[in-house]
Amino acid sequence: MVENNRWGTILAHIVLILGVGLVIFPVYVAVIASTHPPGTFLRGVMPLLPGPNALENYRTVIFEGRSRAGTPPIGGMLWNSFIMAMTIALGKLAISLLSAFAIVYFRFPFRVFFFWLIFVTLMLPVEVRIVPTFEVVANLGMLNSYAGLSVPLIASATATFLFRQFFMTVPEELMEAARVDGAGPMKFFRDILVPLSITNIAALFVIQFIYGWNQYLWPLLITTDPDYYTIVMGIQRMVTGGDSEPLWHLVMATVVLAALPPVLVILAMQRLFVKGLTETEK
Amino acid sequence: MAGIHLDDLHKTYAGDVRAVKGVSLDIADGEFVVLVGPSGCGKSTLLRMVAGLETITEGTLKIGDRVVNNLEPADRDIAMVFQNYALYPHMTVYDNLAYGLRNRRVPKEEIDRRVREAATMLEIAPFLDRKPRALSGGQRQRVAMGRALVREPAAFLFDEPLSNLDAKLRVQMRVEIKQLQRRLGTTSLYVTHDQLEAMTLGDRLVVLNGGVMEQVGTPMEVYDRPASVFVAGFIGSPAMNMIAAGYLGGNGGAGALAGLPAGTDLVGIRPDDMVLTPPEGPHLSLSGRLELLEPAGAETHLYLRLAGSDQPVVARLAGRAELTEGQEITVHAALSTLHPFESASGRRTG
């Protein structure tokens, strides 16, 4: 702020602290709830202080699951989610890098048309095209498989568009210098373009990993085999699965575990992200 | 090492834009040729055609004995220095120099030897581990040169390599490029819009205008006998004065005109050839009002407007001039220094 107004500063801090509190509180409740024994919740009041059952609850969800309600241990579901999110994130990066490369650096017939075609798919998120996509995936026999979980979500107009914009800012002379230096198109792509895009790649990886991790409707639709359940589906099944009252302590433990990998990915990538931001120069 | 032979090269872009219209030129092995001209004259296009970055619409290009029209830049045995250096920003200076050699599968020890040799020659050895962003403009320029040098190519192509440097550094690098080229004896083609750079660097100049060669010759040939009005105006600073023969005829220059070749209707006089005291022998005198006096240290520029005409004339005198602005003065030029032109064709008449 330009003015150094004492009350303004205090007010700003109050607003910010309230905001942080609003965001943090549900997470806090979830973490606390996951440490209590089952009986605590029957009173209908959420405890605000940690309980004694943390280790036991987490052990239960990871290794045993809720055998009575037919929910498998979430270890497997975490793994499924991880595979799905990684495949989607890496697949999206690979495909969008290559298609942006083609669109920016090669002259082929209907180049602009294809670019707009890709662009138009931005308007068609998974939910809109879910029925035909399901039909295709089912006919290809990809239900209940990792391929079925990830492949239909890999094409990405957003990432293609982003890389296209970035490639267009890379000076043409770099490409020419590489040509004189004897680098063919793919070598130029690998040795120069990709290393220069590393910042964008890191940022997009984070976004796409979370996108993949948080997929709910699609895995729900195409998986019937518990071996392919993802963690986000798992939470839902835990809440509605059994006949009895939901076991909130286990649900919350699952929620905390489900939220952890995206947080780790962000933390791990943030370093590269910041490093890329400060070191890249065209 | 090899010469470069351009035979009737044409470049036509889509939409029938003709950037280069029939350029033929033989560059001898080891020669330093400068392509010079105003922006848009086709000089960069021509260089890029030699480099292989632009396709050749028509004509034949040979490097050495090979026709290279359809070869990729990398297969033409040339190295290029770009205007914006075009260094790979994510690689160290060492890797920047080594990249082209690695792509050619030159043995590691050989790469190392050549990189270190070039780095020493260009005085960038202390920076080999740095990234380009940690270098100054002049150092980046040297790295760009080094990248060309390590290739040990048949020819160097320079695309306005000094235009991003400040004036002082530009003069210094100009001298270094010249010395380096002399030492290595590599055929070089150099593009610039700076006539001073062209004059000082080239063994020969090629003055381009509108995609056509206006004149080819040694710098002094081009300076002493510009083949056209365009060349006369482009080479030399301040630019040559062009005075209509009609004006001279009516203002005491009739005698001078009689000595010029038939067909001359435009007379060029270099600012340097004008003096305040009448020279011995036949000469031309011009009177006018001194509008502006520019003392530039070792020399003085006089801007006058000729009597009975709006024609501005510039004279350059060595040393200082004891004159005041607004004064009527007369300048003289020996007849032997006049450049006769025909205005319709723009060509020199004799």
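Asker: Tell me about the overall build of chain A, and name the residues and values.
Answerer: Helix and strand counts for chain A stand at 13 helices and zero strands. Against the globule reference of 19 Å for 282 residues, chain A gives a C-alpha radius of gyration of 24 Å, more extended than a compact globule. For chain A, the C-alpha atoms occupy an extent of roughly 75 × 65 × 30 Å along the three principal directions. Across chain A, contacts joining residues at least 24 apart in sequence account for 73% of those joining residues at least 6 apart.

Asker: Quick one: what's the story with the pairing of strand E14 (residues 299-306) of chain B, residue by residue and with numbers?
Answerer: Residue and element names in this part refer to chain B. Two strands pair when backbone bridges link them, and strand E13 (residues 283-295) and E14 are joined in this way by seven bridges, in the antiparallel orientation. By the bridge assignment for E14, Glu294 is matched with His301. In this antiparallel pair of consecutive strands, E13 and E14, the connection spans three residues, and Gly297 shows a positive phi of 85°. Across seven bridges, the pairing between E14 and strand E15 (residues 312-318) is antiparallel.

Asker: So what's going on with unusual backbone geometry? Residues and values would help.
Answerer: Cis geometry marks the peptide bond from B:Ser237 to B:Pro238; its omega dihedral reads -5°. In this fold, B:Pro238 is placed in the loop between helix H8 (229-234) and strand E11 (241-244). Phi at A:Asn144 takes a positive value of approximately 50°, unusual for a residue other than glycine. Note on placement: A:Asn144 falls in the loop between helix H5 (130-139) and helix H6 (146-150). We note that B:Tyr85 has phi near 70°; this positive angle belongs to a residue other than glycine.

Asker: Hey, could you go over the interface of chain B and chain A for me, with residue numbers and the actual values?
Answerer: In this assembly, 18 residues from chain B lie in contact with 16 residues from chain A. Where the side of chain B that touches chain A is concerned, the elements lending two or more residues are strand E6 (78-81) and helix H2 (93-103) of chain B. Classifying every residue of the side of chain B that touches chain A gives 11 nonpolar, four polar and three charged.

Asker: I'd like a description of the nonpolar core, backed by residues and values.
Answerer: Considering soluble globular proteins, one finds that nonpolar side chains tend to be buried as a cluster. Counting 150 residues, the largest nonpolar core has B:Val34, B:Leu35, B:Val50, B:Met80, B:Leu157, B:Leu189 and B:Val207 as its most contacted members. No other element matches the 12 residues that helix H3 (residues 74-105) of chain A contributes to this core.

Asker: Pulling in residues and values, what's your account of the sheet that holds strand E3 (residues 32-36) of chain B?
Answerer: All names here are of chain B. As summarised here, the arrangement of the six strands in space is E6-E7-E8-E3-E9-E10, forming an open sheet in which the pairing is mixed. Edge positions in the sheet fall to E6 and strand E10 (212-217), since each of these pairs with one other strand and no more. Neighbour-to-neighbour, the strand axes of the sheet open up by a mean angle of 15°, direction not taken into account. In this sheet, E10 lies alongside strand E9 (residues 204-209) in antiparallel orientation, the contact comprising five bridges. Among the inter-strand pairings, Asn209 is bridged to a residue of E10, identified as Val212. Contacts from helix H4 (residues 137-149) reach E6 and strand E7 (155-159), with the element oriented near 175° to E6.

Asker: Could you give me a rundown of the pairing of E13(B), with the residues and numbers involved?
Answerer: Sheet topology note: the E13(B)/strand E16 (residues 328-334) of chain B ladder contains seven bridges and is antiparallel. Bridge assignment links B:Leu284 to a residue of E16(B), and that residue is B:Ala333.

Asker: Lay out the packing of H3(A) against helix H10 (residues 198-213) of chain A with the relevant residues and their values.
Answerer: Residue and element names in this part refer to chain A. Across the interface, H3 lies against H10 with an axial gap of 8 Å and an inter-helix angle of 140°. Comparing the axis directions of H3 and H10 gives the class oblique. Of the two possible hands of crossing, H3 and H10 adopt the one that is right-handed. In this structure, H3 contributes Ser81, Met84, Ala85, Ile88, Ala89, Lys92 and Leu93 to the contact, and H10 contributes Ile201, Leu204, Phe205, Gln208, Phe209, Tyr211, Gly212 and Trp213. Grouping the constituent residues of the contact of H3 with H10 by class yields 11 nonpolar, three polar and one charged.

Asker: How would you sum up helix H3 (residues 108-121) of chain B? Please name residues and give values.
Answerer: All names here are of chain B. In this model, H3 (14 residues) spans 20 Å end to end at C-alpha, consistent with the 20 Å of a helix rising 1.5 Å per residue. What H3 keeps buried is the set Ile111, Val115, Ala118 and Ala119. Down the axis of H3, the buried side of the element spans an arc of 100°, and every buried residue falls inside it. Set apart from the buried face of H3 by more than 90 degrees, the exposed residues are Glu109, Glu110 and Thr120. Elements that come into contact with the buried residues of H3 comprise H2 and H4. Taken from the residues just after H3, Glu123 is the one with a positive phi, measuring 60°.

Asker: Go over the packing of H3(A) against helix H12 (residues 231-240) of chain A, please, and point to the residues and values.
Answerer: Residue and element names in this part refer to chain A. Between H3 and H12, whose axes approach to 8 Å, the crossing angle comes to 140°. As the angle between them shows, H3 and H12 are arranged oblique. Contacts between H3 and H12 involve Ile74, Met77, Leu78 and Ser81 from the first element and Ile231, Val232 and Gly234 from the second. In the contact of H3 with H12, the residues fall into five nonpolar, two polar and no charged.

Asker: Which residues make up the sheet that holds E16(B), and what are the values?
Answerer: All names here are of chain B. Read from one edge to the other, the open sheet built from four strands follows the order E15-E14-E13-E16, with strand pairing classed as antiparallel. For this open sheet the edge positions go to E15 and E16, each flanked by a neighbour on one side alone. Direction aside, the axes of adjacent strands within the sheet are offset by 50° on average.

Asker: Can you lay out the confidence of the model for chain B for me, pointing to particular residues and giving the numbers?
Answerer: Interpretation of the predicted coordinates at a detailed level should be avoided for regions scoring low in pLDDT. Counting all residues, the mean pLDDT for chain B is 91, and 99% of those residues have values of 70 or more. Two summary scores accompany this predicted model of the complex, namely pTM at 0.82 and ipTM at 0.84.

Asker: I'd like a rundown of the confidence of the model for chain A, residues and numbers included.
Answerer: Summarising the model, chain A shows a mean pLDDT of 85, and 90% of its residues fall at 70 or more. Helix H13 (residues 248-279) of chain A is the least confidently modelled element of chain A, averaging 79 in pLDDT, while helix H9 (residues 185-196) of chain A averages 93, the highest of any element.

Asker: Break down the environment of B:Ala307 for me, citing the residues and quoting the values.
Answerer: Within the fold, B:Ala307 resides in the loop between E14 and E15. In this structure the C-alpha to C-alpha distance between B:Ala307 and B:Gly288, which are 19 residues apart in sequence, comes to 4.6 Å.

Scoring rules and cut-offs
Residues numbered from 1 in each chain as written. Chains lettered and ligands numbered in written order. Predicted model: local features only at pLDDT ≥ 70, side-chain atom pairs only at ≥ 80, totals over all residues. Helix = DSSP H or I, 4+ residues; strand = E, 2+ residues; numbered from the N terminus. Rg over C-alpha atoms; globule rule 2.2 N^0.38 Å. Contact = placed C-beta atoms within 7 Å. Pairing = 2+ DSSP bridges. Nonpolar A, V, L, I, M, F, W, Y, C, P; charged D, E, K, R; others polar. Core = buried A, V, L, I, M, F, W, Y, C linked by C-beta atoms within 7 Å. Buried ≥ 20, exposed ≤ 12 C-beta atoms within 10 Å, placed from the backbone. Axes fitted to C-alpha atoms, helices over the stretch in contact; angles between N-to-C directions. Parallel < 35°, antiparallel > 145°, perpendicular 65-115°, else oblique. Left-handed = near helix turned anticlockwise from the far one by under 90°. Expected span 1.5 Å × (residues − 1). Arc of directions from axis to C-beta. pLDDT = per-residue confidence, 0-100.

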